[in-house]
Amino acid sequence: MTEPAQTDDLMEKVVRLCRQRGFIFPSAEIYGGFRSTYDYGPLGVNMLRNVKNAWWRSVVQLRDDVVGLDAAILGPPAVWEASGHLATFTDPLVDCKNCHERWRADKIEGVCPNCGSHDLTEARAFNLMFKTHAGPVEDEGHVAYLRPETAQGMFTNFANVLNTTRKKPPFGIAQVGKSFRNEITPQNFVFRTREFEQMEMEYFVPPDEAEKWFEYWLDQRMRWYLDLGIASEKLRLRHHDPEELSHYSRGTADVEFLFPWGFDELEGIANRGDYDLSAHAAKSGETLDYFDPQTNERYTPYVIEPAAGATRTMMAFLLDAYSEDEIGGEARTVLRLHWRLAPYQVAVLPLSKKDTLEPLARQVLSRLQPHFMVDYDVTQSIGRRYRRQDEIGTPWCVTVDFDSLEDDAVTVRDRDTTEQVRVPVAELLGELRRRTGEE
Ligand code: GAP
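To keep things clear, this report deals only with the structure shown in the data block. All figures in this text were calculated on a predicted structure; none of them were measured in a lab.

### Regarding the overall build of the protein chain
- Check the secondary structure of the protein chain and you find 14 helices and 25 strands.
- Overall, the protein chain is about 75 × 65 × 50 Å in size when its C-alpha atoms are taken along their principal axes.
- Within the span of the protein chain, comprising 439 residues, buried residues form 51% of the whole.
- Put simply, 65% of the contacts in the protein chain that link residues at least 6 apart link residues at least 24 apart.
- Counting only carbon and sulfur atoms, one obtains 48% of the accessible surface of the protein chain, whose full area is about 20,800 Å².
- Positive and negative side-chain charges of the protein chain, numbering 51 and 71 respectively, have mean locations separated by a distance of 4 Å.

Below is the structure:
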């Protein structure tokens, strides 16, 4: 019945839908926009929060071996000296001598994508970190950096977390938050932006167990995307070649999604060895290791790191969910989002604007609001309202009609099948919960 929209213009359609329905707006639009920055609108903020919550639920809430952290975004140079980012977090930058555009040398194969010229400068290393100054004095002594990854907060707080939680390896520290990279060529909507959100977890393990846990997290993380509805043929795991590895990595595999331009990275899962803890211990002079009282051994744990992008992943879920079909001869756009990710799980729709339906409809709304994000829509025909909810991915519409006043029941309509069933108001919450599979 449904054709997933795998056409060339899928990207254009999703970007347009995001703009028109209030998922994602270009930032500072009234001033002509600010390249590569985006604002998440009323629907986007719900969905992005849902993506992050689904990750937190899987990586922290449902486990007893992972705890959370929310570390500062601003940091002193020492952190980034120790982590290696000041020395090595660079992309090769070239200038086109003809049109003066700047490019990442490793992405363009010697030809300027703007004007076709081969007359490019030698590549030079461009550090991707945003540098600023903390306080009013703009000198070298007051330099600070916006974090380019959330990960370092987990390493610098390793001893704090160990001492306050009494966890012992294998255990993890998870964090969700903004990171900043001065990307040379931000592109493809929110796929690569200069300000973005990450969902990262550092899993500290005894060194001889690192390989086992690396494999374990590859499996867990692939499963997360599949469980949230990404089609298996659009997802793959790709192991890095040795020359591709980051400066800290002993082995990395990327979870890749089939974007309209081909398979590309959603998440990197790396075995960081003891690189980070050892580097911070050496630079800070603090002890960042673990003493195992059972074996009387002291060791620096290895780290397995699943590092995903929240904003990039949200885009993948939107692309995967977008489809077009026909209902009763009428074309519709439908976002087949997992209920956990949809901006609203439920929409309450009084059949008519007449005041007589309003009290019951509002009663139904307030009964559902503590449990779900619920939209309330009274404008235009019921058919138009169903289409609008389909287009933003709302899995269930609850319609209050004139019969409802007599039988105290409402109609529940399913987004994907469009099937409608009558449900007593008293059983509505239970019925919706049953549909989520979370009774
Ligand atoms: N701590 C390891 C680390 O940061 P990474 O592969 O550089 O690893 C992890 O980043 C994830 O963060 C990426 O897989 C991607 O989803 C997301 N990400 C990285 N740079 C991004 C950017 N400029 N815009 C949007 N997302 C980005």
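So much for the structure itself; the text now carries on.
### Things to note about the pattern of salt bridges
- Evaluated as defined, the whole model comprises 42 salt bridges.
- Here arginine 332 makes a salt bridge to aspartate 325, at a shortest N to O gap of 2.8 Å. Each member of the pair, arginine 332 as well as aspartate 325, carries the same accessibility label: buried.
- Of the charged contacts in the structure, one is a salt bridge between arginine 435 and glutamate 431, with a shortest N-O distance of 2.6 Å. Linking arginine 435 with glutamate 431, this pair stays in helix α14 (residues 425-436), spanning four residues, or about one helical turn.
- Of the residues examined, arginine 435 reaches a relative accessible area of 23% and is grouped as partly exposed.
- Taking the relative accessible area as the measure of exposure, glutamate 431 reaches 15% and is therefore buried.

### Things to note about the nonpolar core
- If you look at the biggest cluster of nonpolar residues, it comprises 60 residues, and the most contacted ones within it are Phe23, Trp224, Tyr225, Ile304 and Phe317.
- When residues no more than four places from it in sequence are discounted, the contact partners of phenylalanine 317 are Met47, Val51, Trp224, Tyr225, Leu228, Ile230, Leu337 and Leu341.
- By size, the runner-up hydrophobic cluster in this structure holds 21 residues, among which are Val348, Phe372, Val374 and Val400.

### What about the environment of alanine 282?
- Looking at the element boundaries, alanine 282 is found in helix α9 (residues 275-284).
- The class for alanine 282 is exposed, based on a relative accessible area of 65%.
- Measuring from C-alpha to C-alpha, the distance between alanine 282 and valine 423 comes to 65 Å, with 141 residues separating the pair along the chain.

### What about the site of the ligand?
- Contacts to the ligand come from 21 residues, most closely from Glu149, Glu183, Thr193, Glu200 and Glu265.
- A distance of 2.8 Å separates an oxygen atom of the ligand from a polar atom in the side chain of arginine 181.
- Within the side chain of glutamate 183, one N or O atom sits 2.7 Å away from a nitrogen atom of the ligand.
- Relative to its unbound accessible area of 560 Å², the ligand is 91% covered by the protein chains.
- Residue assignment for the shell around the ligand shows that the elements contributing at least two residues are β12 (195-205), β15 (262-273) and β18 (302-309).
- Looking at the shell around the ligand, the element that brings in the most residues is β15, giving five residues.
- Of the residues belonging to the shell around the ligand, the class tally is seven nonpolar, four polar and ten charged.

### A few points about the pairing of strand β14 (residues 252-259)
- Most of β14 sits out of view: seven of its eight residues are buried.
- Taken together, the five bridges between strand β13 (residues 235-239) and β14 define a ladder with antiparallel strand orientation. The residue of β14 that forms the bridge with arginine 238 is aspartate 254.
- In the sheet, β14 pairs with β15 via eight bridges, with the strands oriented antiparallel. Each bridged residue has a counterpart across the sheet, and for glutamate 256 the counterpart in β15 is glutamate 265.
- Here β14 hands over to β15 after two residues, the two strands then running antiparallel side by side.

### Let's talk about the sheet that holds strand β10 (residues 143-146)
- Spatially, the three strands line up as an open sheet ordered β5-β10-β9, and their pairing is antiparallel. The open sheet is flanked by β5 (74-75) and β9 (131-133), the only strands paired with a single partner.
- As paired strands, β9 and β10 are joined by three bridges and run antiparallel to one another. Bridging across to β10, threonine 132 finds its partner in alanine 144.

Thresholds applied
Residues numbered from 1 in each chain as written. Predicted model: local features only at pLDDT ≥ 70, side-chain atom pairs only at ≥ 80, totals over all residues. Heavy atoms only, no water. Helix = DSSP H or I, 4+ residues; strand = E, 2+ residues; numbered from the N terminus. Buried < 20%, exposed > 50% of the residue type's maximum accessible area, 1.4 Å probe, protein only. Contact = heavy atoms within 4.5 Å. Areas by Shrake-Rupley, 256 points an atom, 1.4 Å probe, with all protein chains shown as cover. Lys, Arg positive; Asp, Glu negative; His and termini not counted. Charge placed at Lys NZ, Arg CZ, Asp CG, Glu CD. Salt bridge = Lys/Arg side-chain N within 4 Å of Asp/Glu carboxyl O. Core = buried A, V, L, I, M, F, W, Y, C linked by side-chain atoms within 4.5 Å. Near = heavy atom within 4 Å. Polar contact = N/O pair within 3.5 Å; in protein donor to acceptor, adjacent residues only side chain to side chain. Nonpolar A, V, L, I, M, F, W, Y, C, P; charged D, E, K, R; others polar. Pairing = 2+ DSSP bridges.

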